[in-house]
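Commentary on secondary and tertiary structure
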Amino acid sequence: MNTAQFIPSAFNFSIEKATYTWQTPSNIALIKYWGKSDPQIPKNASISFTLQNCHTITSIDFVKKNTASEITFELFFEGIKKESFKPKIAQFFDRIKEYCPYIFEYNMVINSENSFPHSSGIASSASGLSAIAMCLLNLEKELNPSLSSAFINQKASLLARLGSGSASRSIEGPLVVWGNHPEIKGSSDLFGVQFPYKVHVVFENYQDAILLVDKGEKQVSSTVGHNLMHKHPYAEQRFAQANENLTKLSEILQNGDVDAFINIVESEALTLHAMMLTSNPYFILMKPNTLEIINKIWKFREETKSKICFTLDAGANVHVLYPENEKEKVNHFIQEILANYCQKKQYIFDTVGFGAKKVVNYRHKNH
Ligand code: PMV
């Protein structure tokens, strides 16, 4: 794998002081990534919808310092200095330092906020790390103006991947593949790529309502969960199945067969959780209301012939997916019925989005 192309040589330009702000989205996997090897190389290819409303906005102030012997930064989350978030970001910088040696030369002040409620159970690592990656690439672009936007997206995705695998799919949209797959042109284990084929109109503006079933800390982190795939009795079959499912889903996304889409997406969600149930040690991230919601979705689909379906992340929340032309009917069903199974009746209506956006003149809470 050619990672050398992402290591910059000396720059012709010098910058003393700069601030960049980027908004990057969360994403929801349709074919799940669960299992990896070092350094964050996925055991199978995955594909996700990029979201629009669930995003992070991050600014980094870069100020050149006199000595460049260590990486120095401060971190504010929603206006408050967050020492507790620092180790994760320090580890991220450590993993990417060979690709971004310039980070040694600056003191960085990071200001970050999410559009979705903190501790909602929505993973913020994908949007959070991809936003930092875009700010770094913005600086790199100023140091080397010849960089193409294709290179910037690839490298930002590569950096984000080193922080959290799924973050590699949060740079572009509306559909991103991460992981080398023989039938997805340009796909790579190193970074996410936009799904390269024409997508059927039914999948345009697809809706994703996120039902907040449990907003607590997860009992088992995804790092631990990924590691449990190493000695998992069904691991090899699972990785092969995910790649086969991606072959099928690639066809489906092009031909618009929504029933086949539902079948694969729901099976992927349940298989992800089946891997957790059959790990050793085993664990369960679903809650009783996760299952109540799934059953209600199946009943509604049966009774109304709706094309509604669900998927799950590594948690108890349910993502409800449906075509745009069913928005009114399904939103009503969510508000009237499914909301009753959510913590404090909370849910977020989201829709498929297009990836990272530069933000100008943004004022964070502590400014
Ligand atoms: O990016 P990580 O290491 O938090 O792993 C996330 C894995 C899932 O969200 C469960 C699936 C996926 O492909 O996003």
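Within any chain, residue numbers begin from 1 and follow the written order of that chain's sequence. Local features in this predicted model are restricted to residues whose pLDDT is 70 or higher, and side-chain atom pairs enter the listing and the counts only when it is 80 or higher, whereas totals over whole chains, interfaces and linings include all residues. Values shown for side chains rest on all heavy atoms present in the structure; no hydrogens or waters enter the calculation.

1. Side note on the state of the cysteines
What we call a disulfide is simply a covalent bond connecting the sulfur atoms of a pair of cysteines. Spelled out, the test is: For this text, the term disulfide refers to a pair of cysteine sulfurs within 2.5 Å.
Enumeration over the complete set of coordinates arrives at 0 disulfides. Here Cys54 stays free of any disulfide, with the sulfur of Cys342 as its closest cysteine sulfur at 13 Å. Not part of a disulfide, Cys309 finds its nearest cysteine sulfur in Cys342, a span of 17 Å.

2. Some details on the nonpolar core
Short version of the rule: Among the buried residues, those of types Ala, Val, Leu, Ile, Met, Phe, Trp, Tyr and Cys that are joined through side-chain atoms within 4.5 Å form a nonpolar core. Exposure classes here rest on a 1.4 Å probe applied to the protein chains alone. A residue is buried below 20% of its type maximum, exposed above 50%, and partly exposed in between. Numbering of helices and strands runs from the N terminus, with a helix taken as a DSSP run of H or I at least four residues long and a strand as a DSSP run of E at least two residues long. Annotation comment: domain bounds sourced from an automatic or database domain assignment. By the convention used here, residues are in contact when the closest approach between their heavy atoms is within 4.5 Å.
Counting residues in each nonpolar core, the largest one holds 77 residues, and the members touching the most others are Ile47, Phe93, Leu136, Leu159 and Phe261. The leading source of residues in this core is helix H2 (residues 125-143), at 10 residues. Inspection of this core shows a minimum of three residues originating in each of domain 1 (16-197 + 354-358) and domain 2 (209-351). Apart from the residues lying within four places of it in its own chain, the contact partners of Phe261 are Leu30, Phe49, Phe203, Tyr206, Leu249, Ile252, Leu253, Cys309 and Leu321. Phe310, Ala316, Phe333 and Cys342 belong to the second largest nonpolar core, which has 22 residues in total.

3. Quick look at the domain arrangement of the protein chain
So the rule is basically this: Summed over both partners, the accessible surface that disappears when two parts come together, traced with a 1.4 Å probe, is what is meant by buried area. Counted as a polar contact is a pair of N or O atoms within 3.5 Å, where, for protein atoms, one must be capable of donating a hydrogen and the other of accepting one, and residues adjacent in sequence contribute only when both atoms are in side chains. Lys, Arg, Asp and Glu make up the charged group, whereas Ala, Val, Leu, Ile, Met, Phe, Trp, Tyr, Cys and Pro make up the nonpolar group; the residues left over, Gly among them, are polar.
Per the domain assignment, the segments making up the protein chain are domain 1 (16-197 + 354-358) and domain 2 (209-351). Between the C-alpha centres of domain 1 and domain 2 the distance comes to 24 Å. With 33 residues of domain 1 at the interface, the matching set in domain 2 holds 40 residues. Here domain 1 and domain 2 share an interface that buries about 3,100 Å² over both sides, 68% of which is from carbon and sulfur atoms. For the domain 1 face of the interface with domain 2, the top three residues by lost area are Ile31, Lys32 and Trp34, together amounting to 27%. Put simply, domain 1 and domain 2 have 13 residue pairs in polar contact (both at pLDDT 80 or more) between them. Secondary structure elements with two or more residues in the side of domain 1 that touches domain 2: strand S1 (17-31), strand S4 (46-64) and strand S8 (175-178). Among the elements that line the side of domain 1 that touches domain 2, the one with the most residues is S4, at 8 residues. Residues that form the side of domain 1 that touches domain 2 fall into these classes: 19 nonpolar, 10 polar and 4 charged.

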